[in-house]
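# What the coordinates show
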Amino acid sequence: MLNQTEKIMVKKIAESNLITKPDLKKYLDSNGTSKDSAAIDGITRRLMEQRLISAINPVGSTCYIITQKGNQFIKELEI
């Protein structure tokens, strides 16, 4: 089961389709869920281990994308 911050991150990544780590941190800060880079790394690593998101490096910066399993998870949350 995911905690609230993990759910927020998965939803944001799904909405954005592609989001950089700095943009994700800005979103969390503006959403009242302030996390440092180490915390974001830990959370994204857990989400990748669960295959809900994937990391890519298209422009030299780490970006996160939602996976099919992640999309299914989002749909189940909305039910």
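Just above, that's the structure.
Rules and cut-offs
- Residues numbered from 1 in each chain as written.
- Predicted model: local features only at pLDDT ≥ 70, side-chain atom pairs only at ≥ 80, totals over all residues.
- Heavy atoms only, no water.
- Core = buried A, V, L, I, M, F, W, Y, C linked by side-chain atoms within 4.5 Å.
- Buried < 20%, exposed > 50% of the residue type's maximum accessible area, 1.4 Å probe, protein only.
- Helix = DSSP H or I, 4+ residues; strand = E, 2+ residues; numbered from the N terminus.
- Contact = heavy atoms within 4.5 Å.
- Axes fitted to C-alpha atoms, helices over the stretch in contact; angles between N-to-C directions.
- Parallel < 35°, antiparallel > 145°, perpendicular 65-115°, else oblique.
- Nonpolar A, V, L, I, M, F, W, Y, C, P; charged D, E, K, R; others polar.

### Notes on the nonpolar core
Ranked by size, the top nonpolar core spans 18 residues in total, and within it M9, V10, I13, L24 and L47 carry the most contacts. Mapped onto this core, the elements with two or more residues apiece are α1 (4-16), α2 (21-30), α3 (37-49), β3 (63-66) and α4 (68-78). In terms of residues, this core owes the most to one element, α1, which gives 5 residues. When residues no more than four places from it in sequence are discounted, the contact partners of L47 are L2, E6, M9, V10, L52 and I53.

### Brief notes about the packing of α1 against α3
In contact at an axis separation of 10 Å, α1 and α3 are set at 75 degrees when each is read in the N-to-C sense. It follows from the interaxial angle that α1 and α3 lie roughly perpendicular. Where α1 approaches α3, its residues T5, E6, M9 and V10 are matched on the opposing element by I40, I43, T44, R46 and L47. Class assignment of the residues belonging to the contact of α1 with α3 gives a composition of 5 nonpolar, 2 polar and 2 charged.

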